[in-house]
Amino acid sequence: MRKRAVLLLTALLLALCMPLSGCAEQSARQLENAYVLITKSSNNPYFTYAASGFRDGVTESGGKAVVLEPDKATAEEQISLIRSCIRANAKAIAIAANDTTALETVLQEAMDRGIQVSTLDSNTTPDSHAVFVNQVSSQMLAQCLMDAVYELSGGEGAWAILSTTNQAGNQNSWIKDMQAIMPREPYRNLQLVDIAFGEDNAELSKTRVETILEEHPDLKVLCVPTVVGMRAAAEVLAESGSDVKLTGLGMPSEMADYMAGADPLCPVMYLWDPGAMGKLSAYVSMALTDGTITGAPGEVLVTPEGTRYEILESAMGGSEIIVGEPQKFTPENIGQWKEVF
Ligand code: RAM
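Residues numbered from 1 in each chain as written. Predicted model: local features only at pLDDT ≥ 70, side-chain atom pairs only at ≥ 80, totals over all residues. Heavy atoms only, no water.

Caption draft 1: Structural view of the environment of Met 111. Here Met 111 is to be found in helix H4 (residues 104-112). Through-space distance from the C-alpha of Met 111 to that of Ala 130 is 9.0 Å; in sequence the pair is 19 residues apart. Ignoring any residue separated from it by four or fewer positions in sequence, one finds Met 111 in contact with Val 117, Asp 127, Ser 128 and His 129. (Helix = DSSP H or I, 4+ residues; strand = E, 2+ residues; numbered from the N terminus. Contact = heavy atoms within 4.5 Å.)

Quick look at the structure:
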């Protein structure tokens, strides 16, 4: 009887392994010669739109696009996905990094194997990518967010930031540039009392907001430079009936209800078109692969639509293409944008 049980268990385990190795084989075939986008995480509408733009850009040009989304916004998961691309001999990797430095070794390994590496949305160290597709200028966005905090606070008082992961290149650059503005007039009477990290996880972000409200009862404004945190913060502030005002970076489709009414919870926020960023990232991956660009400052990328983008020196080192400028959303214009993205 025992022997029969062992044989059955063995057969079961073998049966289970076959499909898995089949999956592994399938994903290697899928990734071979593909243009790959690696997002920060899954379940994030911002990256859903960016991925849609990326896929369109690649497939319209006859290429094969694959989008990989980590379950959690961690460097470890992204490293694992990059290694899959290396093993499968992908053509190019475009990545929105969860960590500025932790991906350097594996991205350099990818480049050494002839894979074209670029970053978008959230950058890495200069030697670990050919060029950064930067949605907006960090300094310009920091100025927009500081002006929003100033406007909503009446020019003085306590405010706080809820960010994503504490190693994210984009949010950390925006926060650094905001901190450079704070000592100047007229922002000097604003006090930044907290910076919390919700790791682009909705439930953790909500918990972080609840803690900020408990620890800072005199808070006037919460600034949230991540769409995941923005929606989470809006839900907590709405449910609690708090009079704290919300600003930051949000998806119009998610934030429109919180911008409505005579005294909206979120009177002003910013973003950009994630789809346009994703599509340009696809063009950059293909141009690096066919040798049209190397990513060096001074080069010009002309898209299939005929738009010219100059490759610039990046303030973070390396080179970047600036996609556009921050878009301001208010109760007056949110209605037209909530249908777009
Ligand atoms: C989240 C991510 C992303 C950031 C946007 C604004 O989707 O953190 O990196 O650019 O928010």
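Caption draft 2: Up close: the state of the cysteines. As enumerated under the stated definition, the model contains zero disulfides in all. Here Cys 266 is not cross-linked by a disulfide; its sulfur's nearest cysteine counterpart is in Cys 223, at 10 Å. (Disulfide = S-S within 2.5 Å.)

Caption draft 3: Representation of the nonpolar core. In terms of nonpolar packing, the biggest core is built from 83 residues, with Trp 159, Leu 222, Leu 246, Cys 266, Leu 271 and Trp 272 touching the most fellow members. When sequence neighbours within four positions are dropped, the list of residues in contact with Leu 271 reads Tyr 46, Val 227, Leu 249, Gly 250, Met 251, Glu 325, Pro 326, Gln 327, Phe 329 and Phe 341. Counting 22 residues, the second-largest nonpolar core is a separate cluster that includes Ala 34, Ile 38, Ala 88 and Leu 103. (Core = buried A, V, L, I, M, F, W, Y, C linked by side-chain atoms within 4.5 Å. Buried < 20%, exposed > 50% of the residue type's maximum accessible area, 1.4 Å probe, protein only.)

Caption draft 4: Focus on the pairing of strand S1 (residues 35-38). Residue alternation in S1 divides its side chains into two sets, Tyr 35 and Leu 37 and Val 36 and Ile 38, and both sets are buried. As paired strands, S1 and strand S2 (residues 65-68) are joined by four bridges and run parallel to one another. Counted as the bridge partner of Leu 37 is Val 67 from S2. Sheet topology note: the S1/strand S3 (residues 92-95) ladder contains four bridges and is parallel. By the bridge assignment, Tyr 35 is partnered in S3 with Ala 92. (Pairing = 2+ DSSP bridges.)

Caption draft 5: Fine view of the sheet that holds strand S6 (residues 157-163). As summarised here, the arrangement of the four strands in space is S7-S6-S8-S9, forming an open sheet in which the pairing is parallel. A single partner strand is all that each edge strand has here, and the edge strands are strand S7 (190-197) and strand S9 (245-248). The mean angle between the axes of side-by-side strands here comes to 25 degrees, regardless of whether they run parallel or antiparallel. Across four bridges, the pairing between strand S8 (residues 219-224) and S9 is parallel. Within the sheet, the bridge partner assigned to Cys 223 lies in S9 and is Thr 247. Contacts from helix H8 (residues 227-240) reach S6, S8 and S9, with the element oriented near 175 degrees to S9. (Axes fitted to C-alpha atoms, helices over the stretch in contact; angles between N-to-C directions.)

Caption draft 6: The arrangement of the pattern of salt bridges in detail. Considering all chains together, one arrives at 10 salt bridges under this definition. Across the pair Glu 203 and Lys 206 runs a salt bridge whose closest N-O atoms are separated by 3.7 Å. On the criterion of helical spacing, the pair formed by Glu 203 and Lys 206 is a turn pair, its members being three residues apart in helix H7 (residues 202-215). Glu 203 sits in the exposed class, given a relative accessible area of 52%. A salt bridge links Glu 254 to Arg 231, with the shortest nitrogen-to-oxygen separation between them at 2.9 Å. Here Glu 254 is found in helix H9 (residues 252-255), whereas its partner Arg 231 is found in helix H8, with 23 residues between them in sequence. Residue classification places Glu 254 among the buried positions, given a relative accessible area of 18%. When salt bridges that share partners are traced, they join Glu 203, Lys 206, Arg 231, Glu 235 and Glu 254 into one network. (Salt bridge = Lys/Arg side-chain N within 4 Å of Asp/Glu carboxyl O.)

Caption draft 7: Geometry of the sheet that holds strand S13 (residues 312-313). Strand order in the open sheet made by the seven strands is S2-S1-S3-S4-S5-S14-S13, with mixed pairing throughout. Each having just a single partner strand, S2 and S13 make up the two edges of the open sheet. Here three bridges tie strand S5 (residues 132-134) to strand S14 (residues 319-322), and the two strands are oriented parallel to one another. In the strand pairing of S14, Asn 134 is matched with Ile 322.

Caption draft 8: Region of interest: helix H6 (residues 169-181). Look at H6: 19 Å from first C-alpha to last across 13 residues, which is about the 18 Å you get at 1.5 Å a residue. The set of residues buried in H6 consists of Gly 169, Asn 170, Gln 171, Ser 173, Trp 174, Ile 175, Asp 177, Met 178 and Ile 181. Turning to H6, the residues buried within the fold contact helix H5 (138-153), S6, S7 and S8. (Expected span 1.5 Å × (residues − 1).)

No statement about biological role is implied by the geometric values presented.
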